[in-house]
Amino acid sequence: MHNRMRELRGEHGWSQADLAEQLDVSRQTVNAIETGKYDPSLPLAFRIAKLFGRPIESIFDPGSSR
């Protein structure tokens, strides 16, 4: 699933480790989501959307793949 996490993280000046800490996941999980190797659970997707202050559908596009 294509997503904008890397772009949004960069806009905030956060490293993968910074974002992982805020989401209570590992840095490896953030990397896997950003590279499309892992699709987040719905609860995690909601946490990501809330953290960035955006609707889920503006971050994740389930209709496309990398």
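Check the entry above for the structure.
Residues numbered from 1 in each chain as written. Predicted model: local features only at pLDDT ≥ 70, side-chain atom pairs only at ≥ 80, totals over all residues. Heavy atoms only, no water.

K.L.:
Even after reading the chapter, I still don't get the pattern of salt bridges, so can you show me in this structure?
P.N.:
Proximity of charged atoms lets side chains of opposite charge pair with each other. Scanning the entire structure with this criterion turns up four salt bridges. The residue glutamate 7 makes a salt bridge to arginine 4 at a minimum N-O spacing of 2.8 Å. Across the pair glutamate 34 and arginine 6 runs a salt bridge whose closest N-O atoms are separated by 3.4 Å. Within this pair, whereas glutamate 34 is found in helix 3 (residues 27-34), its partner arginine 6 is found in helix 1 (residues 5-12), the two being separated by 28 residues in sequence. Classification of arginine 6 as partly exposed rests on a relative accessible area of 42%. Each of the salt bridges in this network shares a partner with another, and the network as a whole consists of Arg6, Arg9 and Glu34. (Salt bridge = Lys/Arg side-chain N within 4 Å of Asp/Glu carboxyl O. Helix = DSSP H or I, 4+ residues; strand = E, 2+ residues; numbered from the N terminus. Buried < 20%, exposed > 50% of the residue type's maximum accessible area, 1.4 Å probe, protein only.)

K.L.:
Sorry if this is basic, but what is going on with the side chain of glutamine 16 here?
P.N.:
Relative to the helices and strands, glutamine 16 is located in helix 2 (residues 16-23). Within polar-contact distance, the side chain of glutamine 16 engages the side chain of arginine 27 at 3.0 Å. Those residues in contact with glutamine 16, other than ones at most four positions away along the chain, are Arg9, Arg27, Val30, Asn31 and Glu34. (Polar contact = N/O pair within 3.5 Å; in protein donor to acceptor, adjacent residues only side chain to side chain. Contact = heavy atoms within 4.5 Å.)

K.L.:
Hey, could you run me through helix 2 in this one?
P.N.:
Because each turn of an α-helix spans 3.6 residues, side chains separated by three or four positions end up pointing in the same direction. The set of residues buried in helix 2 consists of Gln16, Leu19, Ala20 and Leu23. Projected down its long axis, helix 2 shows its buried positions confined to an angular sector of 100 degrees, all on one face. (Arc of directions from axis to C-beta.)

All we've got here are geometric facts, nothing functional implied.
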